[in-house]
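This is what each chain is made of:
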Amino acid sequence: MISLVDVTKVFPGMDHPAVDGLSLDIAAGEFVVLVGPSGCGKTTTLKMINRIIEPSSGEIWVDGVAATETPAFELRRGIGYVIQQIGLFPHRTIAENIGTVPELLGWDRPRIAERIEDLVVRVGLDPAMLGRYPSELSGGQQQRVGVARALAADPPVLLLDEPFGAVDPIVRFQLQEEFLRLQEELSKTVVFVTHDIDEALRMGDRIAILNVGGILEQFDTPENILSGPASEFVADFIGGERGLKRLGLRTVGSVDLTRGPVVDVRSDVETARDAMAQYGTEWVALLDGDRLLGWVWGEDLDGQLTDLEPHSFWVELDPESTLRKALNAVVMTRSRVAVVVEDGIYRGMLGLETIAGEVDQ
Amino acid sequence: MTPTLAQAAAEVGIDWGWVFGHVDEMWERTVEHVTLTGVAVVVGFILAVALSLVAIRWRATYKPITWFTGVLYTIPSLGLFAFMVPFTGLTLLTAEIGLILYTLLILVRNIVAGIDGVPANVVEAARGMGYQSRELLWRIEVPLAMPVIIAGVRIATVTTIGLVTVTSLIGQGGYGVFIERGISRRFLTEILVGTVLSVSLAVLFDFLLVRVGRWVAPWTRKTAV
Ligand SMILES: Nc1ncnc2c1ncn2[C@@H]1O[C@H](COP(=O)(O)OP(=O)(O)OP(=O)(O)O)[C@@H](O)[C@H]1O
Ligand SMILES: [Mg+2]
C-alpha cells in the first residue's frame with residue numbers, strides 16, 4: 001500500500017540527512033509504528049508520505065502510484081492526517097472541523113452531517129460538543145476530534161503523528177485502546193509515529209525503529225523485536241523488562257493451560273487429595289459443573305466438600321488478558337496460579353513455570 | 001492686548017444658544033466627516049489588502065512596503081496637504097489621497113501580522129488535508145487573522161477621524177470647519193463643539209468596530225482572551 005524506496009531527506013543547510021536511505025514496505029491494512037528518539041526523522045518520514053516535505057532522493061509509492069504523480073492536494077485528500085500538535089481549526093466548530101475533508105471533496109450537506117454524527121460517536125465524543133469551538137474542549141477531547149477529522153472522508157491510509165502525545169497516561173491508554181478497537185473495524189493502512197516504545201509495542205503490527213540521522217535500525221513485529229533486537233541501539237531503546245514487555249504482547253488464550261488441581265464439589269475427599277498429589281499443591285479448587293467456586297486448603301478437607309466454604313481466587317482472567325496480567329495474578333494470589341474463566345466457564349490455570357516458559361521461546 | 005483662549009473661555013463660557021442654533025450644520029458636518037473617513041478607510045483597506053497580498057506572496061517585498069508606508073506615515077499631515085495642493089488643488093482628491101496614505105501603514109502591518117500569526121500547526125494541518133494555497137489563505141488564514149485585521153481597521157478609523165479635522169483647511173468640510181472658524185473668531189464654543197463631536201465620533205466607531213470584530217470572529221467570543 002505504501003512503499004518507501006531508498007528515501008533520503010537532507011534539509012537545506014544541514015550537513016547530515018534527517019532521513020537516510022529509508023526503505024519500508026507497508027501492506028494494506030497494516031498498522032506500522034515509527035518509533036525512535038526525538039529528532040530521528042519520524043515526522044519528516046511521515047510528511048514525505050503526504051508530500052508536505054519532498055524527499056531529496058528516493059521514491060514513495062502510495063496505492064501503486066508514485067506520490068509525485070498525483071497533485072499534492074489530491075494525494076492528501078485521500079490520506080487521513082493527524083499532525084503532532086493536533087492543529088484543529090480554532091475558528092471552526094467541532095462539526096466543521098470534522099467535516100473539513102468531505103467539504104473539500106464536495107460532498108453534499110446531508111451526507112457530511114450524517115458522516116459527522118457517525119464519527120463523533122465512533123471516537124467516543126459527546127454529540128453535544130459538535131457546536132463548540134476547539135478551545136472549549138479538553139486536550140483528550142481535541143485529540144479525539146483530530147482522529148475523527150482524519151477519518152472523515154474514509155481514506156484508506158492514515159498518518160498519525162503522536163496523536164495521543166498531549167494527554168496524561170490514563171487518557172492516553174484509553175485513547176490507545178479505543179483506537180485499536182476502531183482499527184479492528186476499519187482496517188486502515190496506518191502509519192503511526194510515537195517516541196514511546198510501550199505505545200509502539202501495544203499498537204503496532206510492525207514497528208520501525210529509527211536512530212538519529214534517520215537510520216532504520218529494525219523493522220519487524222513487536223514480538224521479534226523484543227526477542228531478537230537487531231542492534232545494541234534497539235536493545236537499549238526497548239529498555240529493561242524486555243521479558244515483561246513480551247508477556248504484554250501474548251494473551252492467556254494463546255497458551256496451553258493446565259487443568260490444575262480441580263475437582264467437582266460433589267466428589268469425595270479422596271479424589272480431592274489425589275488431585276492435590278498429582279499437582280503437588282496444598283490446596284484444591286472446587287468446581288460446580290463448569291463454574292469455579294474457589295479453593296480450599298488440603299488440611300481443611302474433611303467430610304463433604306460441599307460443606308466447605310471455598311476461598312475465592314483474587315484474580316480471574318479471561319482468555320484475552322495478557323500474560324503480563326497473568327503473571328501479576330500469580331504473584332498476587334495465595335495459590336500462586338492465575339485461573340482463566342471465559343463467560344463464567346472454567347478454562348484452566350497457569351502458573352509461574354508456564355509463563356516463564358513463554359518468555360524463553 | 002488680545003485675550004488668550006483660556007481667558008476667552010472664562011469670560012464667555014459656553015454659548016448654548018449658538019449650539020442649539022447650529023444643530024443642522026452639525027448634522028451636515030457629521031455627514032461630511034463620516035464620508036471623508038469612510039472613503040479613506042475603505043479605499044485604504046482595499047489598497048492595503050492588495051499590498052499585503054503582494055507582501056505575503058513575495059516575502060522580500062514586505063520590508064520595502066512597510067518602509068515606504070512608514071515614511072508616508074511620518075510626514076506631518078499639514079505638510080503633506082500643502083505639498084499636494086500645487087498638483088491636485090484644494091479638492092476632495094487631495095484630502096482623500098492624504099487620508100488614505102495615512103491608513104496604509106497600520107492596515108498593511110495588521111493584515112500581514114494577522115496572517116503570520118495564524119498558528120503554524122493549523123496551516124500545516126490544513127495543507128495536510130489537501131487545502132490549496134488560495135483556499136488556505138481565504139478559508140483558514142484570513143478568517144483566523146480577522147481579529148488582528150479588525151484591530152488595525154479600528155486604529156486606522158480612529159486616526160482618520162482625527163485627521164479629517166485638518167482637511168477643512170483644504171475646504172472639504174467636516175468638524176474641522178467648526179474648529180478652524182472658532183479659532184479665527186476666538187469663539188470657544190465652536191472650537192469645543194468641533195472637538196467634542198470629533199472625539200465622540202471616534203469613540204462611536206471604535207465601539208461599532210469592536211462589535212464587528214466579535215461578529216466576524218465568533219470563536220473568540222466564547223474564550224476569555
Ligand atoms: N523544516 C526543517 N528544516 C530544517 N531541518 C528540519 C526541518 N524539519 C525537521 N528538521 C530536522 O530534521 C531532523 C528530524 O526532524 P523530525 O521532526 O523528523 O524529528 P522527529 O523524529 O519527528 O522528532 P520528535 O520526536 O521530536 O517529533 C531534526 O534534526 C530536525 O531538526
Ligand atoms: Mg516529530
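Predicted model only: the values in this text are computed from it and were never measured. (Residues numbered from 1 in each chain as written. Chains lettered and ligands numbered in written order. Predicted model: local features only at pLDDT ≥ 70, side-chain atom pairs only at ≥ 80, totals over all residues. Heavy atoms only, no water.)

Trainee: Could you clarify how one ought to interpret the coordination of the magnesium ion (ligand 2) in this entry?
Mentor: Residues and elements named next belong to chain A. Only T43 (OG1) and Q84 (OE1) from the protein reach the magnesium ion (ligand 2) as donors, at distances of 1.8 to 2.5 Å. Separated by 41 residues along the polypeptide, T43 in helix α1 (residues 42-49) and Q84 in the loop between β6 (79-82) and α3 (94-98) bring together distant segments of the chain. Residue Q84 is classed as partly exposed on the basis of its relative accessible area of 35%. (Donors = N, O, S within 2.8 Å, 3.2 Å for Na, K, Ca; no water. Helix = DSSP H or I, 4+ residues; strand = E, 2+ residues; numbered from the N terminus. Buried < 20%, exposed > 50% of the residue type's maximum accessible area, 1.4 Å probe, protein only.)

Trainee: Where do I start with the sheet that holds strand β11 (residues 262-264) of chain A in this structure?
Mentor: Residues and elements named next belong to chain A. Here we have three strands laid out as an open sheet, ordered β11-β12-β13, and mixed in their pairing. Sheet topology places β11 and β13 (291-297) at the edges, where each strand pairs with a single neighbour. Shown here is a sheet whose adjacent strand axes are inclined to one another by a mean of 35 degrees, direction ignored. The pairing of strand β12 (residues 283-288) with β13 spans six bridges and is antiparallel. Among the inter-strand pairings, V284 is bridged to a residue of β13, identified as V296. Against the sheet, helix α12 (residues 269-279) touches β11 and β12, its axis set at about 165 degrees to β11. (Pairing = 2+ DSSP bridges. Axes fitted to C-alpha atoms, helices over the stretch in contact; angles between N-to-C directions. Contact = heavy atoms within 4.5 Å.)

Trainee: Looking at this model, I keep getting lost on the site of ligand 1. Mind explaining?
Mentor: Lining the immediate environment of ligand 1, one finds F11, M14, A18, S38, G39, C40, G41, K42, T43, T44, Q84 and E162 of chain A. One of the backbone nitrogen or oxygen atoms of G39 of chain A is found 2.8 Å away from an oxygen atom of ligand 1. (Near = heavy atom within 4 Å. Polar contact = N/O pair within 3.5 Å; in protein donor to acceptor, adjacent residues only side chain to side chain.)

Trainee: What's the story with the domain arrangement of chain A in this structure? I'm lost.
Mentor: Where the parts come together, the accessible area they lose is often given as the size of the interface. Residues and elements named next belong to chain A. Taken as a whole, chain A is organised into domain 1 (2-247) and domain 2 (253-360). At the junction of the two partners, domain 1 supplies six residues and domain 2 supplies seven residues. Carbon and sulfur atoms make up 64% of the surface buried where domain 1 meets domain 2, a total of about 570 Å² over both sides. Ranking the residues of domain 1 by area buried against domain 2 places L244, R246 and L247 at the top, with a combined share of 85%. (Domains from an automatic or database assignment. Buried area = accessible area lost by both parts, 1.4 Å probe.)

Trainee: Sorry, what's going on with the sheet that holds strand β1 (residues 2-9) of chain A here?
Mentor: Through backbone hydrogen bonds, the strands of a sheet pair up, either in parallel or in antiparallel fashion. All names here are of chain A. The antiparallel open sheet is built from four strands, whose spatial order is β2-β1-β4-β5. A strand with exactly one partner marks an edge of an open sheet, and here the two such strands are β2 (19-26) and β5 (65-66). Bridge analysis of β1 against β2 gives five bridges, and the strand direction is antiparallel. Looking at β2, one finds that V7 is bridged to L22. Packed onto the sheet, α1 meets β1, β2 and β4 (57-62) and runs at close to 125 degrees relative to β1.

Trainee: Would you mind showing me how to read the packing of helix α7 (residues 120-128) of chain B against helix α8 (residues 133-164) of chain B here?
Mentor: Two numbers describe a pair of packed helices, the interaxial angle and the distance between the axes. Residue and element names in this part refer to chain B. One can describe the packing of α7 onto α8 by two numbers: an axis separation of 11 Å at closest approach and a directional angle of 160 degrees. Taken as axis vectors, α7 and α8 run roughly antiparallel relative to one another. In the crossing of α7 with α8, the sense of the turn from one axis to the other is right-handed. Of the residues in α8, those touching α7 at V122, V123, A126 and R127 are L136, I140, E141 and L144. Here the residues of the contact of α7 with α8 are counted per class, giving six nonpolar, no polar and two charged. (Parallel < 35°, antiparallel > 145°, perpendicular 65-115°, else oblique. Left-handed = near helix turned anticlockwise from the far one by under 90°. Nonpolar A, V, L, I, M, F, W, Y, C, P; charged D, E, K, R; others polar.)

Trainee: Honestly, unusual backbone geometry in this entry has me stumped. Any pointers?
Mentor: Note on backbone geometry: most residues besides glycine have negative phi, and most peptide bonds are trans. Even without a glycine there, the phi angle at D63 of chain A is positive, about 55 degrees. Secondary-structure assignment places D63 of chain A in the loop between β4 and β5. D63 of chain A sits in the exposed class, given a relative accessible area of 51%. A positive phi angle, close to 50 degrees, is found at R186 of chain B, a residue other than glycine. Secondary-structure assignment places R186 of chain B in the loop between α9 (176-185) and α10 (188-216). Among the residues examined, R186 of chain B registers a relative accessible area of 46% and is labelled partly exposed.

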